[in-house]
Amino acid sequence: METKRTTTGRTLTCDLRALTAPDLAVVDALARLRIAAARHGVGVLLLNASGPLRELLAFSGLADVLPVAPPPLLGLQPGREAEQREEHVGVEEVGEPGDPAV
C-alpha cells in the first residue's frame, strides 16, 4: 500500500466505540479510508478501538499505518484523592483512648 505523508497536518479521528464485533470487512473499510485520506493529505487516528480490532490490525499488518490512540485512564483524575471505601461488616477501627469520635 503506497501512502504519502500528510502535509497539511490535518487528522481525521474515527471513534470506533460502537464496533462490538470487528471483522476483516471493518479492517478493509479502515484501510480504504486511510488510502482516501492520504490522497487528500489527511492522516487518520482511530479512537476507542477494541482489543479484537487492535489484534486484527496487527494481524493484517496495518497497525503501523492505522494508528490507534491509547485508551484513556479510567477512574483516574489528576489532582483528586482516591474514593473512600465502606468498611466491611464486623470490622472496627481501634483508636487511642481519649480520641474524639468521628
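Here the structure is shown first, and the text comes after it.
The notes below deal with the structure included here.

Cut-offs used in this document
Residues numbered from 1 in each chain as written. Predicted model: local features only at pLDDT ≥ 70, side-chain atom pairs only at ≥ 80, totals over all residues. Heavy atoms only, no water. Helix = DSSP H or I, 4+ residues; strand = E, 2+ residues; numbered from the N terminus. Buried < 20%, exposed > 50% of the residue type's maximum accessible area, 1.4 Å probe, protein only. Areas by Shrake-Rupley, 256 points an atom, 1.4 Å probe, with all protein chains shown as cover. Salt bridge = Lys/Arg side-chain N within 4 Å of Asp/Glu carboxyl O.

### Let's talk about the overall build of the protein chain
Counting its regular elements, the protein chain contains two helices and two strands. Helices and strands in the protein chain line up, N terminus first, as β-α-β-α. Across the 102 residues in the protein chain, those meeting the buried criterion constitute 22%. Counting every atom, the protein chain has about 8700 Å² of accessible surface; 54% of that belongs to carbon and sulfur.

### Notes on the pattern of salt bridges
One pass over the full model with this rule turns up two salt bridges. A salt bridge links arginine 17 to aspartate 15, with the shortest nitrogen-to-oxygen separation between them at 3.2 Å. A relative accessible area of 44% places aspartate 15 in the partly exposed class. Here arginine 32 makes a salt bridge to aspartate 28, at a shortest N to O gap of 3.1 Å. With arginine 32 and aspartate 28 both in helix α1 (residues 24–39) and four residues apart, the pair spans about one turn of that helix.

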